[in-house]
Amino acid sequence: MQPLASDELIFSEFGKSRAELTELVSRHTMEVQGWLSSRSPQAVKFVGKGVKASSTGFKIPLLNLALGCNFPTDATPEDVNEEIESVKTFFANRNVPWYWWMNTNPSPENVRQILEKHGLERDDPPLPAMIASLKADTSTMPSHHENIRVWQAESIEDLRAASKIRRRAFKFPEGQAVSYFEDMASDWLHAKDVKLLLAGKDEASPVSIGAVIEGAGIPGVYVMATLPDHHRKGFGKAILSRLMLEAATKGHEIMALTASDQGFGLYAQFGFRHLFGFDFYIPAL
């Protein structure tokens, strides 16, 4: 597991405690992931007493999510057990792989043990949640080749290219999420809190994508992906630089993201600090 930034470093760079920032980033991530996993023509939602779930219908785990666990204090053990089984039934009826994405301070506190009794197991390792200060000197950002072109998605053609890049980069199953972005064209082209960028040598040949999505009052980096043949050529750096600069220009002070092992090093170069890790639960085999 990637090491956490120290409490002292977190406070010195962000002026807030780890607990405060963890709560903010957790709320942001749950809000945005709920949106991402509910946006498709076949999307269905589940809203219970303590759990929200959404499913695009694609056979891709991260697009079918149970999000958090926030039962009211007067909820009984029977309420919790019944809802967990309802969530399992919801995804079974959808016939899709799925994750239970756990928030940092769930209620009840022992819900992890309860999930295990219902046939769910933790998927290790935790997913790193990272934050960066947008008040830092931008001249210290890693450089990228000046010939790389970065542009905002403005057409269906751009969205088609983004879908193709994401499918190949994340090795989606054949036939799944083939038209993910263009199926939600109004969201990706016109929503005020969403911006999708592409990068390439020119606008006719995009090879990399990334987006900024706002939630809980802060921006986050999402859907970062580069075609396999174009890794380590500066395309991802060019997009991340643009996303961070534009978020800073809007007056935001911090930016959040969740990082894969492959992306952790890149984000660290841009000043992102490892704040905490999200736990995931999956149906046990």
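Heads up: the structure comes first, above all this text.
Residues numbered from 1 in each chain as written. Predicted model: local features only at pLDDT ≥ 70, side-chain atom pairs only at ≥ 80, totals over all residues. Heavy atoms only, no water.

Chemist: I tried to follow the layout of surface pockets on my own but got confused; where do I start?
Modeler: Where empty space is left becomes clear once a probe the size of a water molecule has been rolled over the atoms. Considered as a void within the structure, the largest pocket measures approximately 1800 Å³ in volume. Taken together, 48 residues form the lining of the largest pocket, with F170, M224, S260, Q262 and G263 sitting closest to its centre. Elements with a contribution of two residues or more to the lining of the largest pocket: α2 (18–36), β4 (99–102), β6 (127–133), α5 (156–170), β10 (218–226), α7 (235–249), β11 (254–258) and α8 (261–269). Looking at the lining of the largest pocket, its residues break down into 27 nonpolar, 13 polar and 8 charged. Empty space within the second largest pocket amounts to approximately 440 Å³. Forming the walls of the second largest pocket are 24 residues, and the residues nearest its centre are M30, E31, G34, K52 and L67. Mapped by element, the contributors of at least two residues to the lining of the second largest pocket are α2, β1 (44–47) and β2 (52–55). (1 Å grid on protein atoms, 1.4 Å probe; cavity = no way out; pocket = protein on both sides within 12 Å on 5 of 7 lines; lining within 4 Å. Points joined across faces, edges and corners; volume = space filled by probe spheres on them. Helix = DSSP H or I, 4+ residues; strand = E, 2+ residues; numbered from the N terminus. Nonpolar A, V, L, I, M, F, W, Y, C, P; charged D, E, K, R; others polar.)

Chemist: Which parts of the structure should I look at to understand the nonpolar core?
Modeler: Most often, soluble globular proteins have nonpolar side chains that are buried together. By size, the foremost hydrophobic cluster in this structure holds 55 residues, and its most contacted members are W188, L196 and F272. Here the element with the most residues in this core is α7; it accounts for 7 residues. For W188, the residues in contact, after removing those within four places along its chain, are W35, L36, L159, Y180, F181, V194, L196, A211 and I213. (Core = buried A, V, L, I, M, F, W, Y, C linked by side-chain atoms within 4.5 Å. Buried < 20%, exposed > 50% of the residue type's maximum accessible area, 1.4 Å probe, protein only. Contact = heavy atoms within 4.5 Å.)

Chemist: Even after reading the chapter, I still don't get empty space enclosed by the protein, so can you show me in this structure?
Modeler: The full count for this structure, using the stated rule, is 1 cavity of 30 Å³ or more. Its boundaries defined by the atoms lining it, the largest cavity holds a volume of some 30 Å³. Lining the largest cavity, in full, are H28, T29, Q33, Y222, A256, L257 and T258. Those elements that place two or more of their residues in the lining of the largest cavity are α2 and β11. The class makeup of the residues in the lining of the largest cavity is 3 nonpolar, 4 polar and no charged.

Chemist: Teacher, can you tell me more about the pairing of β6 here?
Modeler: Each regular strand shows side chains that alternate between the opposite faces of the sheet. Buried residues dominate β6, accounting for 7 of its 7 residues. Side chains L127, A129, I131 and S133 project from β6 onto one buried face, and the interleaved P128, M130 and A132 project onto a second face that is buried too. Here β6 pairs with strand β12 (residues 273–283) via 5 bridges, running antiparallel. By the bridge assignment for β12, I131 is matched with R273. (Pairing = 2+ DSSP bridges.)

Chemist: Explanation requested: the pattern of salt bridges in the structure shown.
Modeler: Oppositely charged side chains can form a pair if their charged atoms are brought close together. Per the counting criterion, the structure on display carries 14 salt bridges. Between E23 and R27 there is a salt bridge whose closest N-O contact spans 3.8 Å. Here R27 and E23 lie together in helix α2, a separation of 4 residues that amounts to about one turn. The class of E23 is partly exposed, set by a relative accessible area of 33%. Among the salt bridges present, the one from D187 reaches R39, with a minimum N-O distance of 2.6 Å. You can see D187 sitting in helix α6 (residues 185–190) and its partner R39 sitting in the loop between α2 and β1, a full 148 residues away along the chain. On the basis of relative accessible area, D187 is assigned to the buried category, the value being 11%. (Salt bridge = Lys/Arg side-chain N within 4 Å of Asp/Glu carboxyl O.)

Chemist: Honestly, the packing of aromatic side chains in this entry has me stumped. Any pointers?
Modeler: This structure, assessed with the given rule, holds 13 aromatic pairs. Ring geometry for W101 versus F278: centroids 5.5 Å apart, planes at 75°, classification edge-to-face. One end of the pair, W101, is in strand β4; the other, F278, is in strand β12, and 177 residues separate them in sequence. With relative accessibility at 0%, the residue F278 sits in the buried group. Chaining the aromatic ring pairs together yields one cluster made of F46, F90, F91, W98 and W100. (Phe/Tyr/Trp six-rings, centres within 6.5 Å; stacked < 30°, edge-to-face > 60°.)

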